[in-house]
Amino acid sequence: MIQTQLYIDGQWQSPIDHGTRAIVSPADESVIAQAAEATRADARLAIAAARKAFDGPWRQTTIRDRAKLLNRIAELIDRDAGKLAHLESLNTGKTLTESRTDMGDIAATFRYFAGLVASESGAVNEAPHHVISRTLREPVGVCGLITPWNYPLLQAAWKIAPALGAGNTVVIKPSNLTPLTTHHFTQLVAELDLPPGVFNLVTGGAEVGAELAESLDVDLVSFTGGAYAGESIMKAATGNFKRIGLELGGKNPNIVFADADLDAAVDYALNAAFFHAGQVCSAGSRLMVEDSIYDAFIGRLAERLPRIVIGNGFHGETQMGPVQSAQQHEKILGMVQAGIAEGARLVHGGKRPAGDVYKKGYWLEPTLLADVTAEMKIAKEEIFGPVITAERFRSEEEALRAANDTPYGLAAAVWTRDLDKANRMSRALRFGTVWVNDYHPYFPEAPWGGYKASGIGRELARIGLDEYTELKHSYINLAPKAMGWFGA
Ligand code: NAD
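Residues numbered from 1 in each chain as written. Predicted model: local features only at pLDDT ≥ 70, side-chain atom pairs only at ≥ 80, totals over all residues. Heavy atoms only, no water.

## Re the layout of surface pockets
The test is simple: Only protein atoms enter the 1 Å grid, on which a cavity is a set of points fitting a 1.4 Å probe that cannot get out and a pocket is an open set with protein on both sides within 12 Å along at least 5 of 7 lines, lining residues being those with an atom within 4 Å of a point. Grid points are joined across faces, edges and corners, and a volume is the space filled by probe spheres set on the points. Note on residue categories: nonpolar means Ala, Val, Leu, Ile, Met, Phe, Trp, Tyr, Cys or Pro, charged means Asp, Glu, Lys or Arg, and polar means any other residue, Gly included.
Considered as a void within the structure, the largest pocket measures approximately 1,000 Å³ in volume. Lining of the largest pocket is provided by 39 residues; of these, W149, F223, G225, G226 and A229 occupy positions nearest its centre. A per-class count over the lining of the largest pocket returns 18 nonpolar, 16 polar and five charged.

This is the structure we're talking about:
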């Protein structure tokens, strides 16, 4: 049985009150680990250690040291990629193929930020010849990093790499449903020769996250998760006006025009919605199809859905695993029922699959709800499960209006062969990412984040590093003379 501990000030330790939490397999509800469950008191210790470390020798590290550190972490991720992928699938239920892809992306993220950090240099500003004026980037300080359960280590990497690369110290709190890969990652960091307190792990629930958001000793909090927790973090951050980064939920339209390559569009509609059983913040669960091809498109999806292989993520033939928790399972089924009650037509799914292997665990059939209209709750709220809701539209204007008519703004996709239309839609859609004739690709070089209620700030890309820095103007007068403004 896996047992996890906290990592504070360079030491593995149990929570002060010895709290533990059973970690359950979403595939069969068996207990797979006992994880340390911290409280606010543990979080305070970790924050104090990070504070002390920030003011210590860590501040003297050079960009070369930190770029080397990130590259070293990438090597260790590669070395342990098999173990990490196994743990991620065990804990989240996602297929091993998906977890392996995550580990590759995580190593790439560390390498990308290593390159970026190594290229950092301040700017020298134009100034009188007796003045040196520089614009410098400095670390923000102690960073509290809070991550969700759907992409536990990937979301952590998007935060840890730029935070450490910029010279900050870190307290990370993964979701208490999925702490296993972040715990293993911390074991990798512990192999390195980092000063104590630079990297701290505190596993626990909302109260630990709230402590990070409220603490006056935390200078930045970066959070990925739902709107409810995001709101409370934003409010708590006003205590010391700490920097905040919020990556929140989405309601992401996947818009198919009649002139699209329909073979590709049908295939990607499945990937957009059912990858990781739809538990992706950018999942294309809101399918919008042009009237003239709507019925045929729904027909083709209906034919594909029963062929999706649902099963244990460790089995080679599995295409879709379970959802992560009992709570999610119940919530998704509730949303499907609400959709049907509002008049949506259940084409496929909407229940636990039949068969003994699906009796335990959080299994759901891939679900298609057709004839959804923009006013329905299922067209507006994030479902976060394997459910496609399909709406019909009659014109580009109608599609655009309906797609933008949501509080969220994370990601959208458009399918068309008309480049002019593709460009018009890309510009007019109010979303942080707009794909054309594709779905889901993201990479470290491109920014990630949401418009409107999908968040504040961006991760990845140059801006993903800048978010972890303070900008300073350093002005040095080399030849001071009395100014005489107020006379002699
Ligand atoms: P959640 O909001 O329940 O929890 C996220 C994290 O916040 C967990 O570590 C949790 O313990 C912690 N937390 C909960 N309440 C808190 C509070 N009051 N103060 C501080 N911390 C608190 O989210 P979740 O259910 O783990 O994840 C699913 C959500 O995450 C979905 O809405 C999804 O869209 C979103 N998400 C967004 C992105 C993105 O890039 N925008 C990526 C992945 C997931």
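Once the structure has been displayed, the description carries forward.
## Thoughts on the nonpolar core
We count it as follows: What makes a nonpolar core is a set of buried Ala, Val, Leu, Ile, Met, Phe, Trp, Tyr and Cys residues whose side-chain atoms join them at distances within 4.5 Å. Residue burial is assigned from relative accessible area. The probe radius is 1.4 Å, only protein chains are included, and a residue is buried under 20% of its type maximum, exposed over 50%, and partly exposed in between. Note on contacts: a residue pair is in contact if any heavy atoms of the two residues lie within 4.5 Å.
Grouped together as the largest cluster of nonpolar side chains are 99 residues, with contacts concentrated most on F110, L164, F199, F297 and L301. Look past the residues within four positions of F297 in its chain and what remains in contact with it is V256, L262, A265, V266, A269, L287 and V289. Counting 23 residues, the second-largest nonpolar core is a separate cluster that includes A38, V208, V221 and L248.

## As for the pairing of strand β4 (residues 20-24)
What counts, and what does not: A pair of strands is treated as paired once DSSP finds two or more bridges between them. Runs of H or I in DSSP of at least four residues are treated as helices and runs of E of at least two as strands, each being numbered from the N terminus.
Relative to strand β5 (residues 31-36), β4 runs antiparallel, the two being bridged by five bridges. By the bridge assignment, R21 is partnered in β5 with A35.

## Observations concerning the sheet that holds strand β7 (residues 131-139)
Quick note on the threshold: To define axes, lines are fitted to C-alpha atoms, for helices over the stretch in contact only, and angles between the resulting N-to-C directions are given on a 0 to 180 degree scale.
Reading across from one edge, β6-β7-β21 is the order of the three strands in this open sheet, with antiparallel pairing throughout. Of all strands in the sheet, those bounded by a partner on one side alone are β6 (123-125) and β21 (469-477). Averaged over all pairs of adjacent strands, the angle between strand axes in this sheet comes to 25°, irrespective of strand direction. With nine bridges connecting them, β7 and β21 associate as antiparallel partners. Pairing of V131 across the sheet is with N477, part of β21.

## Things to note about the environment of A108
With respect to the secondary-structure elements, A108 resides in helix α4 (residues 96-118). The class for A108 is partly exposed, based on a relative accessible area of 32%. Considering only alpha carbons, one finds A108 and V280, 172 residues apart in sequence, at a separation of 20 Å.

## A closer look at the side chain of K251
Keep this limit in mind: Counted charges follow a simple rule, with Lys and Arg positive, Asp and Glu negative, and His plus the chain ends left uncounted. Any Lys or Arg side-chain nitrogen located within 4 Å of an Asp or Glu carboxyl oxygen qualifies as a salt bridge. Any pair of N or O atoms that falls within 3.5 Å is considered a polar contact. Within protein, one atom must be able to donate a hydrogen and the other to accept it, and sequence-neighbouring residues count only if both atoms are side-chain atoms.
Mapped onto the fold, K251 is located in the loop between β12 (243-247) and β13 (253-256). Buried within the structure, K251 lacks any salt-bridge partner; E391 is the closest side chain of opposite charge, at an N-O distance of 7.2 Å. Separated by 2.7 Å, the side chain of K251 and the backbone oxygen of E381 make a polar contact. Excluding anything up to four places from it in sequence, K251 contacts S285, R286, I378, A379, K380, E381, E382, I383, T406, Y408 and F431.

## Comments concerning a nonpolar patch on the surface
Applied cut-off: Every patch collects residues that have over 30% relative accessible area and no salt bridge, joining them within 9 Å if they carry like charges and within 5 Å if they are nonpolar side chains (Val, Leu, Ile, Met, Phe, Trp, Tyr). Under the convention used here, a 1.4 Å probe and the Shrake-Rupley method define accessible areas, while residue burial counts only the protein chains that appear.
A grouping of I132, I476 and L478 is seen on the molecular surface, where their side chains present a nonpolar patch of about 240 Å² in accessible area. Within the element layout of this structure, I132 appears in strand β7. Accessibility expressed as a relative area gives 34% for I132, which makes it partly exposed.

## Points about the environment of I47
Residue placement: I47 occurs in helix α1 (residues 40-54). In sequence terms I47 and L246 are 199 residues apart; their C-alpha atoms lie 20 Å from each other. I47 has contacts with V171, E211, L212, S215, D217 and V218, leaving out every residue within four places of it along the chain.

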